[in-house]
Every structure is written in C-alpha cells, then in structure tokens.
Amino acid sequence: MSYPRKHLLAIEGLEPPHIADLLDLAESYALLNRSGKTQRDLLKGRTLINLFFEDSTRTRTSFELAGKRLGADVINMSVSTSSVNKGETLLDTASTLNAMHCDLLVVRHGQSGAPSLLSQKVDAAVINAGDGTHEHPTQALLDALTIRRHKGRLEGLVVAICGDIAHSRVARSNMHLLTTMGSRVRVVGPPTLIPAEAARLGVEVFHDMKAGLAGADVVMMLRLQRERMSGGLVPSAREFFRFYGLDAEKLAHAKPDSIVMHPGPMNRGVEIDSAIADHPTRSVIGEQVEMGVACRMAVLDVLARGLRRNV
Amino acid sequence: MMRDTLITNARLLDPASGLDAPGALLIRDGLIADCGAGLTAPEGAAVVDAGGACLAPGLIDLRANLGEPGAEHRETIASAAQAAAAGGITTICVLPDTDPALDDPALISFIARRGEATGSVTLLPYGAATSGCAGKELAEFGLLREAGAIAFTDGARAIASARSMRLALSYARAFGAFIMQHPEEPSLAAGGAATEGELATRLGLPGITPAAEAMMVARDIALARITGGHVHFAHISTAAALDLIRAAKAEGLAVTCDTAPPYFDLNETAIGDYRTYAKLSPPLRTEVDRQAVVAALVDGTIDAIASDHQPRDADDKRLPFAQAEAGGAGLATLLGVTLARVHAGDVPMLTALGLLTARPASLLNLPQGRLAKGAPADLVLFHPDRGWKVEAGKLPGKAQNSPFDGRALEGRVLGTWKAGRRVFGG
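Think of each chain on its own: its residues are numbered from 1, step by step along the sequence as written. Starting at A for chains and at 1 for ligands, labels are handed out in the order in which the entities are written. This being a predicted model, a pLDDT of at least 70 is required before a residue's local features are given, and a value of 80 or more before pairs of side-chain atoms are given or counted; all residues contribute to the totals for chains, interfaces and linings. Neither water nor hydrogens contribute to the side-chain values; these are computed over all heavy atoms in the structure.

A. Geometry of the overall build of chain B. Labels follow the DSSP assignment, with helices taken as runs of H or I lasting at least four residues and strands as runs of E lasting at least two, numbered in each case from the N terminus. On a plain count of helices and strands, chain B comes out with 14 helices and 19 strands. The globule rule used here is 2.2 Å times the number of residues to the 0.38 power, and the radius of gyration it is set against is calculated over C-alpha atoms. Taking 426 residues into account, the globule formula puts the C-alpha radius of gyration at 22 Å, and chain B, at 21 Å, falls close to it. Overall size of chain B, expressed as C-alpha extent along the three principal axes, is 65 × 50 × 45 Å. Each residue is placed in one exposure class: buried if its accessible area under a 1.4 Å probe, protein chains only, is under 20% of its type's maximum, exposed if it is over 50%, and partly exposed if it falls in between. Taking all 426 residues of chain B together, the buried fraction comes to 59%. By sequence separation, contacts in chain B at least 24 residues apart represent 74% of the contacts at least 6 residues apart. Each accessible area is a Shrake-Rupley result for a 1.4 Å probe, and residues are judged covered by the shown protein chains and nothing else. For chain B, the exposed surface amounts to about 14,800 Å²; the carbon and sulfur share of it is 51%. Of the side chains in chain B, 38 bear a positive and 47 a negative charge, and the two mean positions are spaced by 1 Å. Any pair of residues with heavy atoms lying within 4.5 Å of one another is described as a contacting pair. For the purpose of charge, His is not counted, nor are the chain termini; Lys and Arg are scored as positive and Asp and Glu as negative. To locate a charge, take atom NZ for lysine, CZ for arginine, CG for aspartate or CD for glutamate.

Written as structure tokens, this is what we have:
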C-alpha cells in the first residue's frame, strides 16, 4: 500500500498508484461491509474528530460510520461560522484538538485552504472533507470507485461533469483524479460557471449539453446553489434546467449504457429531472453513498498506518 | 552646530547626474557641502571610511502605510522609522487611508510632526482625495495642501466613480498636485483573492481578472486627457496597463506610475500552498506580467519604485487565504529586492537607484534624492554584494509580514544619514 503523505488534503498531486491502491482497499471494504464482517478493532484507541464548519449531514455521517466500523472513538464537533472572528476560531480549535490528542481530524470548511492551514497547526492526520471551492478528495474517490465497479476501469472512459464547475470542489477533485487515471474528462456548463483556464487542467470545455454528453460513459451532475441565481451568474432556475438540467432527452446523447451520478443533495427540477435521478438502471446515486463509507474507511485506515502508535 | 563629517573611500552613485565614481562626500550643517574625488577632511571633521561601499542619496519611498493613526497594533511611526533607517529610506510618503483618514489639515500636520519626532525620517503625508477616503465628496485639497499634503489619493481604495475622479483631477490642478489612483475596477475585484487564471482555479480561490487594472488605467487616462490633470497610478502590475501608460506618456499627457518590489520580483506562484504573506493588493501576477514590469523599469515607463508597505499582524494573516488581509511589509527589503534586479542583469544600477531617489524626488519637487552641493545630507551607504536573509520575525520594525520571507538577498545597508546625522549603522 503506497500513500506518500501524512494528510489527505487534495487529490491534486497524487499519482496513479496512490489512487489505485486507495480504490483497491476501498473496494475490499465495500465487500466486507456487504458481508457484515468489518474489522472492528483496526482503529481501536484512536480518536477521530469530525470538525464541521459547514453543515453536511451526509458527509459527516459517512465519516462517522466509517470511523465506528473500524473501531475508532468518533466525536462530532460542529463549529458555528457565524461567530465574528472565524480565523481565531479555526486556530483556537487547533490548539484545543491538540490538547485532546486527536489522531484523525476530518475537516469541512467554507474557505479554500482551511484544512491545509489547520494541518500545519495540529498533530493529527487531517482529512479534507470539502474546503470552499477547492477540493473534496473523498468524494472523488467514492465517485471513481463507483465508476470502476460499473465500467471495470477508469482509463479511456469519457466522463462529462456538468453544471456549476466554477464553484464546485467536487468537480475539481474529480477533474484531478479522473485525468490522472486516464479518463477523458469534459466539463459542461454555461461560460459563467466554468472556471478560468479550465482547459489547463486537462479537460475539454463544452457549453452545449448535448455536444458535451455525446458518447459519454459517465454523466456526473453537480448541485447548483441557489445563490448563483441571485449573483447573476445564471438568470433563473427554469432557464438553467432547460439548457443544462439532465433529462431523458439530453441523456439520450450519452452512451446507452452510461451511468448518471450526483454528489447530493439534489435540486430536483433544477440540475436533474426526478425521472433520471430515480432511474433504476442508469442512476447510481444510491451506490455512491454506499461507496462513500468504504472509501472513507480506506482513507482512515491508510492515514492511521502513518501515525505514531499512541504514547 | 554639528561637527563636519567626511565619508571617504566610497563609490558615489548619483542617478540625477549619472555619477558612478570613487570619491568622498562632505557633510556640513545637515547638507551636502561637497562631493567628488580628491576631497580632504577639514580640520576637526569626523571621517568615515566607506571601505569602497556604495554611497547614494537616501531612498524616497513614494507610498507606505505606517499604521498611525488607528492601527498602532500593526505598526507605529516609531517602529516604521526603525525599519526605514535599516532599509536606507530617509523620506516616506504616507498614505491617508488610515483611521481616521487624513482628510483634515490638523491630521496632515500631525503626521509631519510625528515624522520630525523620529529624527530619522521625513514623513510627507498624502491628503485624502475624498472625505474619509469614502469615494464621495472631494476633500479640501487647498487647505490640505497648505498643511503639507503632497498629493491626493484614497490609498488602497480605488476612486470608483468616474465623475469623482474627473472632479478630483480637475480641481487638483489649482493646487499643483496629482491624484494617485489604486487602479482596480472595484466591481470586478470585489471578493477576489488572487489573479484570475489557472492557479486560482486550482486553488479554488476567487479570482480578479488582470483586466480590472488596465480598465481603470484606460478610464483615468481618458479623464486626464479631458481635465488636463495629473494622474499617478500606484503599484502597476500588468503588461496591459503599462502599455496604456506608455502610450499616454508618448501623447504628452500628465500620467505617471510606480510599482513595488513584489511585482518585479515575484509571480503568482509565490502564493503556493495558500501563503497569506504573499496575498497582496493588487494580487501577484503571472510571469509574463512580471517580466513586463521589469522592462518598464528599464524603459522609463515606470517613474518610481515604492515599498507599498502595508503592515499586518498575525491575526490578519493566519487565516484561510480568502479571509486573510492583503498587504506586505516592504520597508526593510525595498533596496535589497530592487538590487536583485541589478544583480540579475535586468536593470542598470543607476536606473534602479534613480527609481528610488531622483525620480520620485522630481515627481514631488523635493530637494532630496541627489548627491549635489546644498542638497540635504540624506544618504545611504550599502554594500551591493553582501548577503542577508529575509526572516519574518527578525525584521526591523513591528510589521513582519514580508512576502519575501525566506528570500536570500544581496545588498546590505551599512549606514543611513538623515540631514547629516547618522541614524543607522556605525
């Protein structure tokens, strides 16, 4: 098992063997989870803290379950971001965590780079559970695992990531992971929601949904935040759905056996039609959640191996 | 009556006259009494052997924020004066976007007096261009000028309204002062933390398009043309803006500009893994823009190099990147980082020093900034090759937020004289 770092802060910079090993380990955890035979003492005596500066029931619960399945002591801390001095809270929290002898720290924060800043101040191994518009590495891992289970590989697949690319950490982590593993990645969205110089990240940019989906093996939808409408980046939800929402007509341009993914939570009728989201064979959205727990177990396992044994 | 001082065995560097030759300089009553080859010490004079080091006019810093009034926890005039003396700076033009803003004659004379009290640096305050630097009503240019304001600006805040800028440029003509603009279109820059582009996209940081600078420069050049006023652009950082300024100068308009060391020494990659000490306003640019700034230092498009000193403390900087305050400490490194371009062979020595002395002096009609008989004996003695390392935490003065933290520099200040009195070294 090769993993070169103390923390998991980003996918960018990881090499194909690191990613492949993490996915293999996650795959084995997925099988164990289904058979109900998880090793319950791997993280025994380890403290895992879920530190969430943004609400996220889904991701927090997934990490909580992953930690508990491996026998860690799991603590959830939600920190209000409404306090006046957010920065002080962040670094004060770091010293508090050091005093608690936390081993594994899962951080979700609204600011890009916040987990990186924390990792410089805490003794624990830090896992980025989403930072601003930067990265969400475990989401990319669970997406890749889900794709691999359905398609048998990542290399050579055409993956279309659609919607609000500019503000999406999920999109960034997926772009890095999938291009690293040899997929052909397209990003599809209106120009106002495509980040500057996106093509420099090794992806193809499309502004037309049908062209972007043509021949795709995987269609990955992203959540469109309501505030993008008020910010003037998109005129209205109905216009967005008309041109960039995934419905049967647009999906017909992708390969007949293509799969549909969404990191959740979904805005039905904005970026995705309910009939597609709930499609029995094309939608793998439920499986993404299942793979989320397995991937987080793999990440916790690998990072815990790099920690000093408790003194 | 001060004793005469003769500085001998020096390499005299005077950008105003083009002098670069071995010689000596005699200080009498706070003024330069003589300089050149073959000077001998008058009876009773103190003699300083420069050991062959460079002797140049004390540096004139065209733009710095010193923390006073209102942000004394970041820097005070006394602490900034220490940093300035260690950096060879003898005159600092002080920005008015303080708390309160320098929009009242009493505040202008307060700053000048606080400078005199240091005994080591002359402080020349800018007056606020608009009341409270809030961008609305014009400040009292005439009264502020009488009190000693050298020119008018809202500091780090762009004068956003074209109408306000037009009025300011027009009205300032009556008092012979320029308007200094922070050239950044605010509606495009709002919320931005880095230059828009590949790096900002990778880091997930809100970007500011570099066009925000050129756009404001283009607008204000048009306003200078219709008003006949003199516009000065602060910390120019992009090739596109420099091209506009070059063309405006060729047209004969009263347009000048400066830049600051980060924009010719660093590029955007310095923000690396969210390094907030390299978060500046305007943000660091691409390598192509950095090279354009270097070229404009050489071809004369840029009129001065300013320190752009913006003191920040740990609480301002130890934050996630987008939340951290922009700004870098620049007094102690102004000379060393400028000399790095000389050592690299990019900029001739006298051209570089001129941008720190004679050219800002002529922009402001100051008697300083030259090695000439009768000029104030504001001097810096430096060894051009002696190395040192910039280390945040060990810099002179209070502000430690240097974007050059960790950088090795060649060019060490050995001594600084203010009006004939040695205020650093020795």
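Picking up after the structure, the text goes on.
B. Structural context of the overall build of chain A. The helix and strand tally for chain A stands at 12 helices and nine strands. For 311 residues, the compact-globule formula gives about 19 Å, and the C-alpha radius of gyration of chain A, at 19 Å, lands near that figure. In terms of principal-axis extent, the alpha carbons of chain A reach across some 60 × 45 × 35 Å. For chain A, the residues scored as buried account for 58% of the 311 residues in total. Look at the contacts in chain A between residues 6 or more apart in sequence, and 74% of them connect residues 24 or more apart. Summing over all exposed atoms, chain A offers an accessible surface of approximately 12,500 Å²; the carbon and sulfur share of this is 50%.

C. Local environment of the nonpolar core. As used in this record, nonpolar core signifies buried Ala, Val, Leu, Ile, Met, Phe, Trp, Tyr and Cys residues forming a set joined through side-chain atoms within 4.5 Å. Leu66, Ile92, Ile179, Phe233, Val255 and Phe382 of chain B are the most contacted members of the largest nonpolar core, which totals 91 residues. If we ignore the near neighbours within four places in the chain, the residues touching Val255 of chain B are Ile221, Ala224, His230, Val231, Phe233, Ile245, Ala248 and Lys249 of chain B. Counting residues in each nonpolar core, the second largest holds 65 residues, with Leu70, Leu104, Ile127 and Ile147 of chain A among its members.

D. Molecular detail of the interface of chain A and chain B. Facing the 25 residues of chain A at the interface are 17 residues of chain B. For the pair chain A and chain B, the summed buried surface comes to about 1,700 Å²; carbon and sulfur atoms form 54% of the total. We count a salt bridge whenever a side-chain nitrogen from Lys or Arg sits within 4 Å of a carboxyl oxygen from Asp or Glu. Inspection of the region where chain A meets chain B yields two salt bridges. Linking Arg202 of chain B and Glu12 of chain A is a salt bridge whose minimum nitrogen-to-oxygen distance equals 2.6 Å. Residues adjacent in sequence count toward polar contacts only when both atoms are side-chain atoms; beyond that, a polar contact is any pair of N or O atoms within 3.5 Å, and within protein one must be able to donate a hydrogen and the other to accept it. Applying the counting criterion to the chain A and chain B interface returns nine residue pairs in polar contact (both at pLDDT 80 or more). If you list the elements that add at least two residues to the side of chain A that touches chain B, you get helix H3 (86–99), helix H4 (114–119) and helix H6 (169–180) of chain A. The element that contributes the greatest number of residues to the side of chain A that touches chain B is H3 of chain A, accounting for five residues. Side-chain classes follow a simple rule in which Ala, Val, Leu, Ile, Met, Phe, Trp, Tyr, Cys and Pro form the nonpolar group, Asp, Glu, Lys and Arg form the charged group, and the remainder, Gly included, forms the polar group. A per-class count over the side of chain A that touches chain B returns seven nonpolar, 10 polar and eight charged. When two components associate, each loses some accessible surface as probed by a 1.4 Å sphere; the sum of these losses over both components is called the buried area.

E. Seen up close, helix H12 (residues 334–343) of chain B. Within H12 of chain B, nine of the 10 residues are buried, leaving the element largely enclosed by the surrounding structure. Of the residues trailing H12 of chain B, Gly345 of chain B is marked for its positive phi of about 85 degrees.

F. Local environment of the packing of aromatic side chains. Stacked, tilted and edge-to-face pairs are distinguished by plane angle, under 30 degrees for stacked and over 60 for edge-to-face with tilted covering the rest, among Phe, Tyr and Trp rings (Trp via its six-membered ring) whose centres lie within 6.5 Å. In total, this model carries five aromatic pairs over all chains according to the counting rule given. Summarising the aromatic geometry, the rings of Phe240 of chain A and Tyr244 of chain A are spaced 5.7 Å apart at their centres and angled 35 degrees between planes, so their arrangement reads as tilted. Placement of the pair is Phe240 of chain A and Tyr244 of chain A together in helix H9 (residues 237–244), with a separation of four residues, close to one helical turn. Here Phe240 of chain A matches Tyr244 of chain A in class, with each residue buried. By the ring-pair criterion, three or more aromatic residues cluster together here, those being Phe141, Phe152, Tyr171 and Phe175 of chain B. Its guanidinium or amino end placed over the ring of Phe243 of chain A, Arg242 of chain A lies 4.9 Å from that ring's centre, counting from NZ or CZ. In this scheme, the term charge over a ring applies when either NZ of a lysine or CZ of an arginine sits within 6 Å of the ring centre and within 35 degrees of the ring normal. The ring of Phe241 of chain A has Lys250 of chain A sitting right over it, with the charged end atom 5.9 Å from the ring centre.

G. Geometry of the pattern of salt bridges. Inspection of every chain in the model, using the stated rule, returns 40 salt bridges over all chains. Residue Lys210 of chain A is joined to Glu249 of chain A by a salt bridge in which the shortest nitrogen-to-oxygen separation is 3.2 Å. Of the two residues, Lys210 of chain A sits in helix H7 (residues 209–213) while Glu249 of chain A sits in helix H10 (residues 248–251), which places them 39 residues apart along the sequence. Across the pair Arg246 of chain B and Asp243 of chain B runs a salt bridge whose closest N-O atoms are separated by 2.9 Å. Note that Arg246 of chain B and Asp243 of chain B are positioned in helix H8 (residues 239–250) at a spacing of three residues, about one turn of the helix.

H. Here's a closer look at the sheet that holds strand E3 (residues 104–109) of chain A. Residue and element names in this part refer to chain A. Pairing between two strands is assigned when DSSP locates at least 2 bridges connecting them. Ordered by their spatial adjacency, four strands build an open sheet running E2-E1-E3-E4, and the pairing between neighbours is parallel. Two strands lie at the open edges of the sheet, namely strand E2 (73–78) and strand E4 (125–131), each paired on one side alone. Each adjacent strand pair in this sheet contributes to an overall mean axis angle of 15 degrees, direction not counted. Where strand E1 (residues 47–52) meets E2, six bridges bridge the pair, whose relative direction is parallel. Note on E2: the bridge partner recorded for Asn50 is Asn76. Only the contacting stretch of a helix is used when fitting its axis, a line to C-alpha atoms as for every element, and angles between N-to-C directions run 0 to 180 degrees. Helix H2 (residues 57–69) rests against E1, E2, E3 and E4 of the sheet, and its axis sits at about 180 degrees to E1.

I. Geometry of unusual backbone geometry. For the peptide bond that leads from Gly264 of chain A to Pro265 of chain A, omega is -10 degrees, which places it in the cis range. Going from Glu68 of chain B to Pro69 of chain B, the amide bond is cis rather than trans, its omega being -10 degrees. Mapped onto the secondary structure, Pro69 of chain B falls in the loop between strand E6 (59–64) and helix H1 (77–86). A positive phi angle is found at Asp29 of chain B, which is not glycine, with a value near 55 degrees. With respect to the element layout, Asp29 of chain B can be found in the loop between strand E2 (19–28) and strand E3 (31–36). The class of Asp29 of chain B is partly exposed, set by a relative accessible area of 43%. Unlike most non-glycine residues, Asn365 of chain B shows phi in positive territory, near 55 degrees.

J. Seen up close, the side chain of Thr59 of chain A. All names here are of chain A. Structurally, Thr59 is set in helix H2. For Thr59, a relative accessible area of 6% gives the class buried. A distance of 3.2 Å separates the side chain of Thr59 from the side chain of Ser56, its partner in a polar contact. Not counting residues up to four positions away in its chain, the partners in contact with Thr59 are Phe52, Arg108, Ala129, His136 and Arg296.

K. Up close: the environment of Asn98 of chain A. Position of Asn98 of chain A relative to the elements: it lies in helix H3. Between the C-alpha atoms of Asn98 of chain A and Ile49 of chain A, which are 49 residues apart in sequence, the distance is 11 Å.

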